[in-house]
Amino acid sequence: MIFITAKFRVKPEYADQWPQISAGFTNATRNEPGCLWFDWSRSLEDPNEYVLVEAFRDGEAGAAHVNSEHFKHAQQTLPQHLAETPKVINTSLEQDDWSLLGEMAVE
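Residues numbered from 1 in each chain as written. Predicted model: local features only at pLDDT ≥ 70, side-chain atom pairs only at ≥ 80, totals over all residues. Heavy atoms only, no water.

Student: Explanation requested: the pairing of strand β2 (residues 35–42) in the structure shown.
Tutor: The two faces of a sheet get side chains in turn, since along a regular strand they alternate between them. As defined by bridge partners, β2 adjoins strand β3 (residues 49–56) across 7 bridges and the pair is classed as antiparallel. Note on β3: the bridge partner recorded for Asp 39 is Val 53. Taken together, β2 and the strand that follows it, β3, pair antiparallel across an intervening segment of 6 residues. (Pairing = 2+ DSSP bridges. Helix = DSSP H or I, 4+ residues; strand = E, 2+ residues; numbered from the N terminus.)

Student: Would you explain the packing of aromatic side chains in this entry?
Tutor: Aromatic ring pairs are defined here through the distance separating the ring centres and the angle between the ring planes. Summed over all chains, the structure comprises 10 aromatic pairs. Considering the side-chain rings of Phe 3 and Trp 98, the 6.1 Å spacing of their centres and the 90 degrees angle between planes classify their relative orientation as edge-to-face. Of this pair, Phe 3 sits in strand β1 (residues 2–9) while Trp 98 sits in the segment after β4 (87–92); the two residues are 95 residues apart in sequence, bridging distant segments of the chain. Classification of Phe 3 by relative accessible area gives buried; the value is 18%. (Phe/Tyr/Trp six-rings, centres within 6.5 Å; stacked < 30°, edge-to-face > 60°. Buried < 20%, exposed > 50% of the residue type's maximum accessible area, 1.4 Å probe, protein only.)

Student: I keep staring at the pattern of salt bridges and nothing clicks. Help me out?
Tutor: When their charged atoms lie close together, side chains carrying opposite charge are able to pair. In total, this model carries 6 salt bridges according to the counting rule given. A salt bridge links Arg 42 to Asp 16; the nearest nitrogen and oxygen atoms lie 2.9 Å apart. On the criterion of sequence distance, the pair formed by Arg 42 in strand β2 and Asp 16 in the loop between β1 and α1 (18–21) is long-range, its members being 26 residues apart. For Arg 30, the salt bridge is made with Asp 39, and the minimal N-O distance between the two is 3.6 Å. Overall, Arg 30 belongs to the partly exposed group, its relative accessible area being 41%. You can call Asp 39 partly exposed: its relative accessible area is 35%. (Salt bridge = Lys/Arg side-chain N within 4 Å of Asp/Glu carboxyl O.)

Next up, the structure:
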């Protein structure tokens with residue numbers, strides 16, 4: 001799978017509305033056949049920072065995502081709400097789902 005984590009620093013005046021601002025992009029991406037997950041979280045330390053954790057089945061699914069109309073639309077509409085260019089980590093993993101954290105196993 002292609003595993004991606006990105007940090008988005010949103011302008012303070014848009015931070016509370018970011019889930020709604022990004023909702024169209026989020027929903028369209030989640031509906032892509034190759035999308036495994038696409039989940040936003042808000043930082044506890046910085047209310048203007050959102051972290052996106054996303055995964056795609058493989059490189060082909062990742063390519064379909066960045067070439068989609070909704071991705072192109074997001075490139076045109078989302079940056080105006082951001083304080084800076086998002087930071088990203090992108091890697092390929094030999095798995096297709098989350099692994100269990102054995103060190104904190106729940107009995």
